[in-house]
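Spelled out, the chains give:
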Amino acid sequence: MKKLAIAAVVLSTIGGAQAAELGDTGTPIRLAINEWTGQHLTTQIAGQILEEAGYTVEYVTAGYMNMYQAMADGEIHAALEVWESNVSDQYYDQLEAGGVVEVSDLGLTAREGFVYPAHVAEICPGLPAWEALNDCAMQFATAETIPQGRLVDYPADWGTPGADRVAGLELPYRAVPAGSEGALIAELRASTERETPLLMVFWQPHWAVSAYDLTFVDLPAGTPECYEDPSWGVNPDATFDCDFLPSRIFKVAWSGFEEQWPAAYEILEAYQLATEDQQPMMGAVDVDGQSVEEVAAAYVEANSEEISAMIAAATE
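Figured I'd write up the structure that's included with this text. Predicted, not measured: the structure shown is a model, and the values here were computed from it. (Residues numbered from 1 in each chain as written. Predicted model: local features only at pLDDT ≥ 70, side-chain atom pairs only at ≥ 80, totals over all residues. Heavy atoms only, no water.)

### Description of the state of the cysteines
Here is step 1 of the chain: Scanning all chains against the criterion turns up 2 disulfides.
Here is step 2 of the chain: Paired by a disulfide, Cys124 and Cys136 hold their sulfur atoms 2.2 Å apart. Taking the sign of the torsion about the S-S bond as the criterion, the disulfide between Cys124 and Cys136, at about 95°, is right-handed. Note that Cys124 is positioned in the loop between helix H4 (120–123) and helix H5 (132–135) and Cys136 in the loop between H5 and strand E6 (149–153), a separation of 12 residues in sequence.
Here is step 3 of the chain: Look at Cys124 and you get buried, because its relative accessible area is 0%.
Here is step 4 of the chain: One disulfide in the model links Cys226 with Cys242; its S-S distance is 1.9 Å. Looking along the S-S bond of the Cys226-Cys242 disulfide, the torsion reads about -95°, which is the left-handed sense. One end of the pair, Cys226, is in helix H9 (residues 224–228); the other, Cys242, is in the loop between H9 and strand E10 (249–254), and 16 residues separate them in sequence. The same class applies to Cys226 as to Cys242, namely buried.
Here is step 5 of the chain: Across the protein chain, the disulfide pattern expressed with sequentially numbered bonded cysteines is 1-2, 3-4. (Disulfide = S-S within 2.5 Å. Helix = DSSP H or I, 4+ residues; strand = E, 2+ residues; numbered from the N terminus. Buried < 20%, exposed > 50% of the residue type's maximum accessible area, 1.4 Å probe, protein only.)

### Points about the pairing of strand E2 (residues 57–61)
Here is step 1 of the chain: The pairing of strand E1 (residues 29–33) with E2 spans 5 bridges and is parallel. In the sheet register, Leu31 faces E2, and the bridge partner there is Tyr59. (Pairing = 2+ DSSP bridges.)

### A look at the pattern of salt bridges
Here the idea is simple: oppositely charged side chains can pair when their charged atoms come close.
Here is step 1 of the chain: For the coordinates displayed, the defined rule picks out 5 salt bridges.
Here is step 2 of the chain: Measuring nitrogen to oxygen at the nearest pair gives 3.5 Å for the salt bridge that ties Arg248 to Glu84. Remark: Glu84 occurs in the loop between strand E3 (78–83) and helix H3 (89–97) and Arg248 occurs in the loop between H9 and E10; sequence separation between them is 164 residues.
Here is step 3 of the chain: Judged by its relative accessible area of 35%, Glu84 falls in the partly exposed class.
Here is step 4 of the chain: Across the pair Glu102 and Arg248 runs a salt bridge whose closest N-O atoms are separated by 2.8 Å. Of the two residues, Glu102 is situated in strand E4 (residues 100–105) and Arg248 in the loop between H9 and E10; the sequence distance between them amounts to 146 residues.
Here is step 5 of the chain: Look at Arg248 and you get partly exposed, because its relative accessible area is 25%.
Here is step 6 of the chain: Within this structure, Glu84, Glu102, Asp105 and Arg248 form a network of salt bridges that share partners. (Salt bridge = Lys/Arg side-chain N within 4 Å of Asp/Glu carboxyl O.)

Written out as structure tokens, the structure reads:
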């Protein structure tokens with residue numbers, strides 16, 4: 001297996017913090033598994049690092065938007081890839097109530113927005129300017145949406161960011177939720193192979209951004225005011241008449257995590273993953289057919305010196 005690039009673990013515990021106790025190694029640490037490949041990799045790498053430190057890890061499938069009550073109840077102990085641009089009110093409720101805590105930033109450089117494959121630029125002249133979408137709606141229409149254009153939105157469990165912006169910008173489109181991340185990729189593949197119109201909500205880091213030569217639509221710049229004040233922006237009567245805010249990606253944990261597993265908490269606090277490392281790993285899983293576990297294991301092996309130093313800083 002090709003050796004993965006070194007970079008992912010920032011040893012922020014070295015030099016300042018004191019070593020912590022391992023804590024309750026007899027109880028498994030339960031990590032949330034959400035609905036996309038990048039999150040699976042982020043979580044599996046963290047789990048393998050914790051196992052090297054002496055912990056037992058379990059992976060729990062959890063809905064991204066509604067996992068925070070289970071976390072506050074101690075049924076799930078941590079989620080390793082939370083996107084600030086698309087997080088539910090349940091998270092903020094539990095954060096305020098003290099059921100969950102923010103651990104630290106993950107380190108990924110993220111962007112979300114409306115995207116289209118390269119060939120679509122010829123179908124809708126004027127792109128990437130968002131105003132061009134008004135004139136091209138019929139080009140994106142399907143039997144399901146005509147006379148409106150079709151915007152493929154995130155799966156319903158991820159929220160409705162596409163529908164929010166269609167309404168805010170008064171675009172003549174209907175946002176249709178995809179069934180899963182795999183369904184989004186299937187849409188990209190079919191559109192590229194057949195050179196058919198496609199407009200969708202997507203994100204980076206993701207291997208498909210480069211594989212399908214995706215371009216982000218230039219929506220009006222996202223600001224906090226756009227999310228909260230209808231009088232702000234191009235539509236004086238609506239919120240979300242703008243692009244996504246630049247997204248911070250961070251880790252959260254059950255509020256009792258640090259007390260029960262002090263060293264594990266320090267390890268997760270220090271754990272970092274770079275975009276340039278995660279994207280090719282996603283490609284190895286989704287395109288090359290490798291398992292998440294083996295791709296994560298190759299990454300951990302390639303970064304063994306940094307990981308060993310991070311574990312030592314937390315435990316010795």
